[in-house]
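Working through the structure, step by step
Here's the letter readout for the chains.
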Amino acid sequence: QVQLVESGGGLVQDGGSLRLSCAASGRTFSYYAMGWFRQGPGKERGFVAAITSSGGSTVYADSVKGRFTISRDNAKNTVYLQMNTLKPEDTAVYYCAAERRMGMPSMTSATYDYWGQGTQVTVSS
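In this report, the structure presented in the accompanying data block is examined. Values in this document were obtained by computation on a predicted structure and should not be read as measured data.

Criteria and cut-off values
- Residues numbered from 1 in each chain as written.
- Predicted model: local features only at pLDDT ≥ 70, side-chain atom pairs only at ≥ 80, totals over all residues.
- Heavy atoms only, no water.
- Helix = DSSP H or I, 4+ residues; strand = E, 2+ residues; numbered from the N terminus.
- Buried < 20%, exposed > 50% of the residue type's maximum accessible area, 1.4 Å probe, protein only.
- Areas by Shrake-Rupley, 256 points an atom, 1.4 Å probe, with all protein chains shown as cover.
- Lys, Arg positive; Asp, Glu negative; His and termini not counted.
- Charge placed at Lys NZ, Arg CZ, Asp CG, Glu CD.
- Disulfide = S-S within 2.5 Å.
- Pairing = 2+ DSSP bridges.
- Axes fitted to C-alpha atoms, helices over the stretch in contact; angles between N-to-C directions.
- Contact = heavy atoms within 4.5 Å.
- Polar contact = N/O pair within 3.5 Å; in protein donor to acceptor, adjacent residues only side chain to side chain.

Points about the overall build of the chain
If you tally the helices and strands in the chain, you get zero helices and 11 strands. From first element to last, N terminus to C terminus, the chain shows the α and β order β-β-β-β-β-β-β-β-β-β-β. Per-residue burial for the chain yields a buried fraction of 46% across its 125 residues. For the chain, the exposed area adds up to about 6200 Å²; of that, 45% sits on carbon and sulfur atoms. Taking the average place of the 12 positive charges on the side chains of the chain and the average place of its 9 negative ones, the gap between the two points comes to 6 Å.

The structure is reproduced here in structure tokens:
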């Protein structure tokens, strides 16, 4: 069992930055690939970024590539999402998720085993 708690969301202006954190409980954090997803107003939940269990490889949605960076600290049971050059279209509830997988993480939400409750990110124009 893994429990996930996101933090770091808020209101930021167009072009600003935020760093989201996701703290995980349990001793097996390092067994899980971690992903970030988001759900904007009136939209389905979509993939943002993911990182392998070791932190050695990452994958990003095209819409955030070059602006967002996912990282993890297995000693702290935490995964991060650094978001730079934010745009109004990045406004969404951001969720972190854990997937029991040793290879490249999935970009499909259905394969993730555990989810946090989400943190709101609002980018004003």
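Read on for the rest.
Section: the state of the cysteines
Disulfides are covalent bonds that connect the sulfur atoms of two cysteines. All told, the structure shown has one disulfide when counted by the stated rule. The disulfide that involves Cys 22 links it to Cys 96, with 1.9 Å between the sulfurs. Since a negative S-S torsion denotes a left-handed disulfide, the Cys 22-Cys 96 link at about 45° is right-handed. A residue pair is termed long-range when its members are at least 10 positions apart, and Cys 22 in strand S3 (residues 18-24) and Cys 96 in strand S9 (residues 92-100) qualify at 74 residues. For the pair shown, Cys 22 and Cys 96 are each scored as buried.

Considering the sheet that holds S3
Strand order in the open sheet formed by four strands is S1-S3-S8-S7, and the pairing between neighbours is antiparallel. Of all strands in the sheet, those with a lone pairing partner are strand S1 (4-7) and strand S7 (68-73), marking the two edges. Each neighbouring strand pair of the sheet contributes to a mean axis angle of 15°, computed without reference to strand direction. The pairing of S1 with S3 spans four bridges and is classified as antiparallel. When the bridges of S3 are listed, Ser 7 appears paired with Ser 21.

Some words on the side chain of Thr 52
Summarising the element assignment, Thr 52 is placed in the loop between strand S5 (46-51) and strand S6 (58-60). Not counting residues within four places of it along the chain, the set of residues in contact with Thr 52 comprises Ala 33, Ser 57, Arg 72, Gly 103, Met 104 and Pro 105.

Concerning the side chain of Glu 99
Inspection of the secondary structure assignment puts Glu 99 in strand S9. A polar atom in the side chain of Glu 99 sits 2.9 Å from the side chain of Thr 111. Apart from the residues lying within four places of it in its own chain, the contact partners of Glu 99 are Tyr 31, Tyr 32, Ala 33, Pro 105, Ser 106, Thr 111, Tyr 112 and Asp 113.

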